[in-house]
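Each chain, written out:
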Amino acid sequence: MRIQENLEKSKYEADGSIQIQGTTILYHTICEDHFFVDEENNPVASIFSYAYFRSDVQDNSKRPILFIYNGGPGCASLWLHMGLFGPRIVKLDDELNLPTVPPFELEDNPHCLLDLCDLVFIDPVGTGLGRLIQEKARKEFYETHGDVRSVSKFIEQFLARYNRRNSPVLLAGESYGTARSALLAGELMGAGPEKADTMGISVSGIFLLGSYFIEKLPVEASATDLITMAATNYFHNPKENISQKDFIDEAFTFASTEYVTFRGCLS
């Protein structure tokens, strides 16, 4: 498969700003289609992206860029976009008792990461505004390696199009997106099944949100879940005698030593 840049595509651009830790961050957003084509140059599928670039940076060639996607498979990036990472997110007056019907409101996200890196939200083929155009291509995109392969091709082209090949690449996936991240890091470097088509793109860091575990992987899921639950507990119930970082470090040490050993004895 390959991505064709010259096909007519929808594209929306706008400018905005957000206050993060007392600093006004200016940004430029680009939302657009990215088409995959067959041998006859006919579109077979598309990925849609929502990109936020900090616009007051003189030279962004070395600025980190974070690629973000949800899980599913079959889930758009909407939830991480409008719930966690985006500059504007859904306003929730009570995070534990979410409203299920409109109206909904938006608010600025003070925890947005645009002060640290640029953001690219990805709707893979068949999710959100990503489309499967030709039914014959279903198998090519709707299986584990096809999904990883298409997202890696998108990332490769995106970095080239916006002259960001020298930028540190970060990945953030939720649920099934964590499994995608693990395979995607290898695919980008050239460790996938099609090793002859090496992209040579190294990943500098990965966020795993709500880790998804493939059956029979040599990982005790409850060990990593314990760390996440400990961090979540601290957020809602901060401790006076220990910092958040030290609390999470302590949970990590316990989960990766005593706890995982104990769980191993039970299995």
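Residues numbered from 1 in each chain as written. Predicted model: local features only at pLDDT ≥ 70, side-chain atom pairs only at ≥ 80, totals over all residues. Heavy atoms only, no water.

Scanning the chain from N- to C-terminus turns up six helices and eleven strands. Expressed as a percentage of its 267 residues, the buried residues of the chain come to 40%. Across the chain, contacts joining residues at least 24 apart in sequence account for 67% of those joining residues at least 6 apart. For the chain, the computed accessible surface area is about 14900 Å², with 54% contributed by carbon and sulfur atoms. (Helix = DSSP H or I, 4+ residues; strand = E, 2+ residues; numbered from the N terminus. Buried < 20%, exposed > 50% of the residue type's maximum accessible area, 1.4 Å probe, protein only. Contact = heavy atoms within 4.5 Å. Areas by Shrake-Rupley, 256 points an atom, 1.4 Å probe, with all protein chains shown as cover.)

A cluster of acidic side chains, namely Asp93, Asp94, Glu95, Glu105 and Glu107, defines a negative patch on the protein surface. Note on placement: Glu105 falls in the loop between strand 6 (88–90) and strand 7 (106–108). Among the residues examined, Glu105 registers a relative accessible area of 52% and is labelled exposed. (Patch = residues over 30% accessible without salt bridge, like charges linked within 9 Å, V, L, I, M, F, W, Y side chains within 5 Å. Salt bridge = Lys/Arg side-chain N within 4 Å of Asp/Glu carboxyl O. Lys, Arg positive; Asp, Glu negative; His and termini not counted. Charge placed at Lys NZ, Arg CZ, Asp CG, Glu CD.)

Let's shift gears to the pattern of salt bridges. The full count for this structure, using the stated rule, is ten salt bridges. The partner of Glu13 in a salt bridge is Lys11, with the nearest N and O atoms 3.9 Å apart. Among the charged side chains, a network of salt bridges with common partners joins Arg63, Asp118 and Arg164.

Turning to the packing of aromatic side chains, a few remarks are in order. Following the criterion strictly, the structure yields 13 aromatic pairs and no others. Relative to Phe247, the ring of Tyr234 lies with its centre 5.2 Å away and its plane at 45 degrees, an arrangement referred to as tilted. On the criterion of sequence distance, the pair formed by Tyr234 in helix 5 (residues 221–236) and Phe247 in helix 6 (residues 244–266) is long-range, its members being 13 residues apart. Take Tyr234 and Phe247: they sit in the same class, and that class is buried. Pairwise contacts between aromatic rings join Phe53, Phe67, Phe154, Phe158 and Tyr162 into one cluster. (Phe/Tyr/Trp six-rings, centres within 6.5 Å; stacked < 30°, edge-to-face > 60°.)

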